[in-house]
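So you can see what is in the structure, the chains are spelled out below.
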Amino acid sequence: MEIGEPIRKIVTSSSANMVIAIADSGKIYGWGSNRSHLLSSTDTAFFSSPVLLEFDVPVSEISFSPLLGTFTDDSGRIYGYGWNQEGSSVFLEASESLSASEHSPYEIAFQDESGLKQFESATLFRSFLSNDGKVFIQGALVEYRVNYQEITCIPFPEKIVKVGSMYQGMIALSETGKIYFLGEDRFGIHGDDSAEYYPIYEQPVWIDKLSERVRDIFVSSSSVIAVTEKGKVYTWGYNLRKNNADTLDEIVSVPNKLKYNGSIRYCYCGEFANIIINENNEVYVWGSNVQNLFLDKEKETTYQLQKLDTSVFVK
């Protein structure tokens, strides 16, 4: 179908393989994977063109992962949909995932007097950040090991200003510029990936890897991009396509400084490729060149920023 109305916002996910468009009217349209009924109540596995999501309330903001969807309406009420099973496994065939999920939003009771500032959908849990800097989790932070049936406030040492949900874990940025980690450290985000088993942190731990205060964070399910107050950009985590370092190491646990000194309007941390958009709307990418993201077939992977000629696809 064609979207016959103005679009206010486009929302993507680094791992869900789908795109959501929020219209001015509050209607939402989506296309891509329908693995957990995140786009439609039908059992169609993939939509190559937009479909209207069948919700009875206008949508203000939305976040989604491969299994979970979360959105708010104009009044600030929170709704969830998608995966509906306990003790779930993320390694499922598409048909199994469809049978264990629903395209039927239900209201989530979030009670905090200061109100909701941010919310994120991870693989099997949702995270919420209140306006006064408190962090809440609902769901399986670490599958079979750390589970919160109800929305639970997680005590942090200081006020949090931004959260980022990852696979089996999350990070949080404090008002003093520190980054904290919570969950299972599969990708060397907090430690050095030398332990025989992935360490699990049920309480927040400080990531003491950067000497400067951090201004902003951007995350995928397995990687982190941190921007310091001086404008320096650091990356670390899963490095399958040189998205975190110019090495062949699978895990990069020591933050690498990206060779970039420009302004940052927006940054996107993907699974295998990353993007920076500066104040002049110039677009830079690095990491995987799958499907010719760099518009250069000779490059496969690179940790060097590639400036895109946006005139070929932006009007």
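Residues numbered from 1 in each chain as written. Predicted model: local features only at pLDDT ≥ 70, side-chain atom pairs only at ≥ 80, totals over all residues. Heavy atoms only, no water.

Tell me about the pairing of strand β21 (residues 266–269), and name the residues and values.
Where burial is concerned, the two faces of β21 differ: the one with C267 and C269 is buried and the one with Y266 and Y268 is not. When β21 meets strand β22 (residues 273–277), the two strands line up antiparallel, connected through four bridges. Looking at β22, one finds that C269 is bridged to N274. Between β21 and β22, which follow one another and run antiparallel, lie three residues. (Buried < 20%, exposed > 50% of the residue type's maximum accessible area, 1.4 Å probe, protein only. Helix = DSSP H or I, 4+ residues; strand = E, 2+ residues; numbered from the N terminus. Pairing = 2+ DSSP bridges.)

Pulling in residues and values, what's your account of the layout of surface pockets?
Here the largest pocket is characterised by a volume of approximately 1400 Å³. For the lining of the largest pocket, the secondary-structure elements that each account for two or more residues are β1 (7–12), β5 (61–64), β9 (116–121), β13 (160–166), β17 (214–219), β21, β22 and β23 (283–288). No other element matches the six residues that β13 contributes to the lining of the largest pocket. Considered class by class, the residues forming the lining of the largest pocket number 26 nonpolar, 15 polar and six charged. (1 Å grid on protein atoms, 1.4 Å probe; cavity = no way out; pocket = protein on both sides within 12 Å on 5 of 7 lines; lining within 4 Å. Points joined across faces, edges and corners; volume = space filled by probe spheres on them. Nonpolar A, V, L, I, M, F, W, Y, C, P; charged D, E, K, R; others polar.)

Describe the environment of F125, with residues and values.
Mapped onto the fold, F125 is located in strand β10 (residues 125–130). Once the C-alpha coordinates of F125 and E143 are considered, the two residues, 18 residues apart in sequence, prove to be 9.4 Å apart. For F125, the contacting residues outside a window of four places in its chain are L68, E120, I137, Q138, G139, A140, L141, S165, M166, G169 and M170. (Contact = heavy atoms within 4.5 Å.)

Please provide a residue-by-residue account of empty space enclosed by the protein, values included.
In the structure shown here, the tally under the stated rule is one cavity of 30 Å³ or more. Roughly 40 Å³ of volume is contained in the largest cavity. Every residue along the wall of the largest cavity is listed here: M166, Y167, Q168, G169, F181, E184, D185, R186, F187 and I189. Per-class residue counts for the lining of the largest cavity are five nonpolar, two polar and three charged.

Let's hear about the sheet that holds β22: which residues, and what values?
Where strands meet in a sheet, backbone hydrogen bonds hold them as pairs that are either parallel or antiparallel. Strands sit in the order β21-β22-β23-β24 across an open sheet of four strands; the sheet is antiparallel. Two strands in the sheet have a free side with no partner beyond their single neighbour: β21 and β24 (301–307). The mean angle between the axes of side-by-side strands here comes to 10°, regardless of whether they run parallel or antiparallel. (Axes fitted to C-alpha atoms, helices over the stretch in contact; angles between N-to-C directions.)

I'd like a description of the packing of aromatic side chains, backed by residues and values.
Evaluation of the coordinates by the stated rule reveals 11 aromatic pairs. Ring centres of F71 and Y79 lie 5.1 Å apart, and the angle between their planes is 15°; this geometry places the pair in the stacked category. There is no split in this pair, since F71 and Y79 are both buried. Pairwise contacts between aromatic rings join F55, F71, Y79 and Y81 into one cluster. (Phe/Tyr/Trp six-rings, centres within 6.5 Å; stacked < 30°, edge-to-face > 60°.)

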